[in-house]
Amino acid sequence: MKILVINTGSSSIKYELFDMDHHVKLAAGLAEKISEDASVLKHEKVNKNGESVKKIEKQKIPDHRAGLNRIVELLTDPEFGAIQNKSGISAVGHRVVHGGEHFHSTTLIDESVMKAVRENVPLAPLHNPPNLIGIEVAHTVFPESPQYAVFDTAFHMSIPKRAYLYAIPMDMYVKDRVRRYGFHGTSHAYVAEKAAEHMNRPLSDLNMITIHLGNGASMSAIQKGKSIDTTMGMTPLEGLVMGTRSGDIDPAIPFYLSDHLNMSLKEINTLLNKKSGLKGLCGTNDMREVIQRIQTGDEQAKLALDVYTYRIKKYIGAFYAALGKLDCLVFTAGIGENNPLIRNLCCSDMNELGIELDNERNNNPAKGIKEVNSSNSRIKVLVVPTNEELKIADETKKCLLSQ
Ligand code: ADP
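Computed from a predicted structure; not experimentally measured. (Residues numbered from 1 in each chain as written. Predicted model: local features only at pLDDT ≥ 70, side-chain atom pairs only at ≥ 80, totals over all residues. Heavy atoms only, no water.)

**Regarding the overall build of the chain**
- When its secondary structure is counted, the chain shows 15 helices and 14 strands.
- The C-alpha atoms of the chain give 22 Å as radius of gyration, which agrees with the globular expectation for 403 residues (22 Å, within 12%).
- Overall, the chain is about 60 × 55 × 45 Å in size when its C-alpha atoms are taken along their principal axes.
- Out of the 403 residues belonging to the chain, those deemed buried represent 50%.
- Accessible area for the chain stands at about 19100 Å²; split by element, carbon and sulfur atoms hold 51% of it.
- Here the chain contributes 48 positive and 48 negative side-chain charges, whose respective centroids are spaced 1 Å apart. (Helix = DSSP H or I, 4+ residues; strand = E, 2+ residues; numbered from the N terminus. Rg over C-alpha atoms; globule rule 2.2 N^0.38 Å. Buried < 20%, exposed > 50% of the residue type's maximum accessible area, 1.4 Å probe, protein only. Areas by Shrake-Rupley, 256 points an atom, 1.4 Å probe, with all protein chains shown as cover. Lys, Arg positive; Asp, Glu negative; His and termini not counted. Charge placed at Lys NZ, Arg CZ, Asp CG, Glu CD.)

**Some words on the site of the ligand**
- Contacts to the ligand come from G214, N215, G216, N285, D286, M287, R288, A333, G334, I335, N338 and N339.
- Residue G334 places a main-chain N or O atom 2.9 Å away from an oxygen atom belonging to the ligand.
- Backbone polar atom of I335 to an oxygen atom of the ligand: 3.4 Å apart, as the coordinates give it.
- Protein coverage of the free-state accessible area of the ligand, which is 580 Å², stands at 66%.
- If you list the elements that add at least two residues to the shell around the ligand, you get helix 10 (287-295) and helix 12 (333-338).
- If one sorts the elements of the shell around the ligand by residue count, helix 12 sits on top with 4 residues.
- Classifying every residue of the shell around the ligand by side-chain character gives 3 nonpolar, 7 polar and 2 charged. (Near = heavy atom within 4 Å. Polar contact = N/O pair within 3.5 Å; in protein donor to acceptor, adjacent residues only side chain to side chain. Nonpolar A, V, L, I, M, F, W, Y, C, P; charged D, E, K, R; others polar.)

**Looking at unusual backbone geometry**
- Positive phi values are uncommon outside glycine, yet S35 reaches one of about 80 degrees.
- Relative to the assigned elements, S35 resides in the loop between strand 3 (24-32) and strand 4 (40-46).
- In this structure, D349 takes a positive phi of about 55 degrees despite not being glycine.
- Along the chain, D349 turns up in the loop between helix 13 (340-346) and helix 14 (359-363).

**With respect to the sheet that holds strand 2 (residues 13-19)**
- Pairing is mixed in the open sheet, where 8 strands are placed in the order 5-4-3-2-1-6-8-7. Two strands in the sheet have a free side with no partner beyond their single neighbour: strand 5 (52-57) and strand 7 (107-108).
- Here 7 bridges tie strand 1 (residues 2-8) to strand 2, and the two strands are oriented antiparallel to one another. The residue bridging N7 from the neighbouring strand is K14, located in strand 2.
- Contacting strand 1, strand 6 (91-96) and strand 8 (147-151), helix 3 (residues 128-141) runs over the sheet at an angle of about 170 degrees to strand 6.
- Strand contacts of helix 15 (residues 388-401): strand 1, strand 2, strand 6 and strand 8, with the helix running at about 125 degrees to strand 6, the strand carrying the most contacts. (Pairing = 2+ DSSP bridges. Contact = heavy atoms within 4.5 Å. Axes fitted to C-alpha atoms, helices over the stretch in contact; angles between N-to-C directions.)

Coordinates in, geometry out; function isn't part of it.
Printed below as a string of structure tokens:
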């Protein structure tokens, strides 16, 4: 069984083709700057021995349909492809950012699903419209393959009202759907499953805090396999300090910026989403650069890292209290998987809470699932590489087989 996973952005299509009988990636790629003269398509085919053959094309891709058609040509190319023709694709799994309150799990896409995703556009104006374009285009390119939507928000639909309601007039929730939704659900769900497998215990027996630290960053409190709280809110702006997003701030700050600096709503939106976080604090959103600068004695970069890790630590405490009992902490995504210093700072001085790292294990650069806690630590601390595309393919396969 071959499953194609598609993640469509406003000017990009990211894709991965999986052989689900052997659970391996066959090909992957990214078409960027669609509709610009400088379009780029980077494609790779993964051979049986794990080596990849790469192809980069630099020619204008006029629109998403042309992009997906070119991707199909590459996927079926005798040299760079992995299948003979597109009917070799059993199903297509789409990443859809916002499922609102409609979708609690992966869903076969039909007209009513499209309508519901459209209704959620006001909640995710930057993400749901391109996701919809991806689905529409894929329907015409793969008319015979069923299409499934895997929602970033679905995993968090188990969060109870006390955690997802904001303390603002109730009508705002009832009529206008203002509540916390949470994102990165596919990643939190995936690493939680992998952590349970690693611990050789059923997920339904475990309480975890999963910490996804990429360009965007969020945490999830997971009780017996179900999300009971998360750091992101109605939008991905809430919660942790991120690459360019502020995370939590006093909600009155925008009024102050408007009154005293004469900033428009649009400018404040850009400030908090694109110019804040690590970038706002020290001028770069790339954590590798922050670390390099700290190593050369840069105080501003050090301060940015302090703010970044303190916020995570604070949420570990909050989620620990919400869960009551904690079995494991899981670090994942670009920063969480690769940066021992950050894991160390987030877990520092928490021996009394049963969290203690082992320096040697934590600094070991080996890839794959790693246990980085000391043998005295009551709570396991794991590094689990995330794989959102594989999780989308797994979810798609599960739904396909159940129909
Ligand atoms: P995205 O949210 O775009 O998928 P990633 O999960 O790829 O992001 O994470 C991107 C972040 O990971 C960047 O800040 C990058 O600097 C950081 N990162 C990647 N490798 C390392 C590393 N070895 N050490 C520190 N940070 C890293």
